[in-house]
Amino acid sequence: MEKTDYGIVPMRAYRGNFRQYYEQYKGSTNQKTGDSMVSPEKKLKKFLLILGITGAVYGAFRYLLPLVIPFLCAYGTALFLRPSVRLLSNRIAVPYHGKMRHLPVSLIGGIELMVLSCLIFGLLYVGGSMAVNQTGLFIRRFPDWLSRLDLRLTGICRLLEQKMGLKADALVELVGRAVEELRQIFRNSTMPVLVGHSMSALRVAAAGIVLFFIYFAAVILTLQEMDDLREKRSRSVFRRELLVVGERITSVVSAWLKTQVFILFLTSAVCIFGLAVIGNPYSFLFGCGIGILDALPVLGAGTVLIPWGIALLLQKAWKKAAVIFGVYVGCYFLRQISEARLMGKQVGLSPLESLASMYVGLKLFGLSGLLLGPVGVLLIGDLVQMYEKKEIHG
């Protein structure tokens, strides 16, 4: 009887005994490749498994993660500090009631976390001071820039009046009023905006302080109870799932942080250097700001650099325009090439898979989806593979 490459009988040879051909189909293999055929039941079962795990991962990211994110961060910090904390705890002993006692890990962990926090806040203070100083200089000089703009626009308007045969000073008065209104709006709106948002800023600051103390206490308690937590995890009925999820989240978060910090540092450095080359007095402020904008998927460095370069071309500042466009090209290739390649290389995704997962995560979860997307894809794959192996081995 006629057979296909898979060694099964085609449907046109079917003569009523379908069970015989179906059993032959389930156990058949491809004669050219040797691959086993997969039955429809197994395909449906795997599809439902993938669908169920995908729904569980999405629900956990959407509803559960916001509630436990401070404690996950605290657990990660505790894992980072644990080796040095245990080393110091074992090495340092103090006399107490006639006995030598080792310092508790919670005390050493609290001191280390305090030193690390002071270092981070110190760096932020130095950078913030530079940014505030340059922002103040920018605000003070903004009216002067408007005056220069007024002079340039006046010349352009007079030229247009001559070319178009309009009444003298017709366009000049119109544009002059517009520039003056813009200057008044800027002066009158700066303080109301600052005052209007001061209460919101205070609320955010208060919430941040409370969150920091919760995080600080959680780190210390996690260091103190790390062994108990691991013992409870090893006895849990979900220990395999927790192990898979923990290892994957740790690897992806570590890879994402390294990638983003590396690209942000390089992008900001390129922008600061380029702006310093053209003699811009706000090189640090603008360079860091453009570096942060470049990290945002919707805006990017081109939001600032492209209009800036075009404005310099209109002013016939060719060298400065070339530097600005060169900075933009450098930032663009740093972001587009390095992000997907570095992220994918460290977590096991190809550049295309990494880019696609970040796009899907961005659509589902916003900016946090740039991290949650790759984490979710890898978690789904790991959990599906784990349950399939569990089913095969009984």
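Criteria and cut-off values
- Residues numbered from 1 in each chain as written.
- Predicted model: local features only at pLDDT ≥ 70, side-chain atom pairs only at ≥ 80, totals over all residues.
- Heavy atoms only, no water.
- Helix = DSSP H or I, 4+ residues; strand = E, 2+ residues; numbered from the N terminus.
- Buried < 20%, exposed > 50% of the residue type's maximum accessible area, 1.4 Å probe, protein only.
- Areas by Shrake-Rupley, 256 points an atom, 1.4 Å probe, with all protein chains shown as cover.
- Phe/Tyr/Trp six-rings, centres within 6.5 Å; stacked < 30°, edge-to-face > 60°.
- Axes fitted to C-alpha atoms, helices over the stretch in contact; angles between N-to-C directions.
- Left-handed = near helix turned anticlockwise from the far one by under 90°.
- Contact = heavy atoms within 4.5 Å.
- Nonpolar A, V, L, I, M, F, W, Y, C, P; charged D, E, K, R; others polar.
- Core = buried A, V, L, I, M, F, W, Y, C linked by side-chain atoms within 4.5 Å.
- Patch = residues over 30% accessible without salt bridge, like charges linked within 9 Å, V, L, I, M, F, W, Y side chains within 5 Å.
- Salt bridge = Lys/Arg side-chain N within 4 Å of Asp/Glu carboxyl O.
- Pairing = 2+ DSSP bridges.
- Lys, Arg positive; Asp, Glu negative; His and termini not counted.
- Charge placed at Lys NZ, Arg CZ, Asp CG, Glu CD.

## Details of the overall build of the protein
1) Next: The helix and strand inventory of the protein stands at twelve helices and two strands.
2) Next: Put simply, the protein runs from its N terminus to its C terminus through helices and strands in the order α-α-β-β-α-α-α-α-α-α-α-α-α-α.
3) Next: Looking at the protein as a whole, 28% of its 394 residues are labelled buried.
4) Next: Here the protein displays about 26,100 Å² of accessible surface, and carbon together with sulfur accounts for 68% of that area.

## A short note on the packing of aromatic side chains
One pair of aromatic rings is described through two measures. These are the centre distance and the angle between the planes.
1) Next: Taken as a whole and judged by the stated rule, the model has eight aromatic pairs.
2) Next: On the basis of an interplanar angle of 35 degrees and a centroid distance of 5.6 Å, the ring pair of Tyr-58 and Phe-365 is categorised as tilted. Taken together, the residues span a long stretch of sequence, with Tyr-58 in helix α2 (residues 40-91) and Phe-365 in helix α11 (residues 351-365) at a distance of 307 residues.
3) Next: For Phe-365, a relative accessible area of 16% gives the class buried.
4) Next: Counting every residue linked through ring pairs, the aromatic cluster contains Phe-121, Phe-212, Phe-213 and Phe-216.

## Concerning the packing of helix α7 (residues 239-277) against helix α8 (residues 283-295)
1) Next: With their axes 8 Å apart at the nearest point, α7 and α8 run at an angle of 145 degrees to one another. Pair α7 / α8 crosses with right-handed handedness. Mapping the contact onto sequence places Leu-264, Thr-267, Ser-268, Cys-271, Ile-272, Leu-275 and Ala-276 in α7 and Ser-283, Phe-284, Phe-286, Gly-287, Cys-288, Ile-290, Gly-291, Ile-292 and Asp-294 in α8.
2) Next: Here the residues of the contact of α7 with α8 are counted per class, giving ten nonpolar, five polar and one charged.

## Describing the nonpolar core
1) Next: Among the nonpolar cores identified, the biggest contains 17 residues, and Ile-53, Val-57, Phe-61, Val-375 and Leu-383 are the most heavily contacted of them.
2) Next: When contributions to this core are tallied by element, the ones reaching two or more residues are α2, α7 and α12 (369-392).
3) Next: Of the residues forming this core, the biggest block, nine residues, is contributed by α12.
4) Next: Apart from the residues within four sequence positions on either side, Phe-61 is in contact with Pro-66, Phe-365, Leu-372, Val-375, Gly-376 and Leu-379.

## What about a nonpolar patch on the surface?
1) Next: A cluster of nonpolar side chains, contributed by Phe-80, Leu-116, Leu-119, Ile-120, Phe-121, Leu-123 and Leu-124, occupies part of the molecular surface with about 750 Å² of accessible area.
2) Next: Take the nonpolar patch: its biggest share by element is six residues, from helix α3 (residues 105-164).
3) Next: Residue position: Phe-80 is located in helix α2.
4) Next: On the accessibility criterion, Phe-80 (61% relative accessible area) is exposed.

## Re the pairing of strand β1 (residues 93-96)
1) Next: One ladder, built from four bridges, connects β1 with strand β2 (residues 99-102); its direction is antiparallel. For Tyr-96, the partnering residue across the bridge sits in β2 and is Lys-99.
2) Next: Linking β1 to β2, which pair antiparallel, is a turn of two residues; within it His-97 sits at a positive phi near 55 degrees.

## Observations concerning the pattern of salt bridges
1) Next: Enumeration according to the criterion identifies two salt bridges in this entry.
2) Next: Note that Asp-227 is salt-bridged to Arg-82, the shortest N-O span being 2.7 Å. Within this pair, whereas Asp-227 is found in helix α6 (residues 226-235), its partner Arg-82 is found in helix α2, the two being separated by 145 residues in sequence.
3) Next: Close ionic contact of Arg-235 with Glu-231 constitutes a salt bridge, the shortest N to O distance being 3.1 Å. Taken together, the residues Arg-235 and Glu-231, both in helix α6 and four residues apart, mark about one turn of the helix.

## Some points on a positive patch on the surface
1) Next: On the surface, Arg-140, Arg-141, Arg-148 and Arg-152 cluster together into a patch of positive charge.
2) Next: Examined against the element boundaries, Arg-152 turns out to sit in helix α3.

## Details of the environment of Leu-379
1) Next: By the element assignment, Leu-379 lies in helix α12.
2) Next: Its relative accessible area of 4% is what places Leu-379 among the buried residues.
3) Next: A C-alpha to C-alpha distance of 6.5 Å links Leu-379 and Val-245, two positions 134 residues apart in sequence.

## Considerations on the packing of α2 against α6
Two numbers describe a pair of packed helices, the interaxial angle and the distance between the axes.
1) Next: Running from amino to carboxyl end, α2 crosses α6 at an angle of 115 degrees, the nearest separation of the two axes being 12 Å. Considering the relative orientation of α2 and α6, their crossing is left-handed. Counting all contacts with α2, which are made through Tyr-75, Ala-78, Leu-79 and Arg-82, the residues of α6 involved are Met-226, Asp-227, Leu-229, Arg-230 and Arg-233.
2) Next: Of the residues contributing to the contact of α2 with α6, the split by class is five nonpolar, no polar and four charged.

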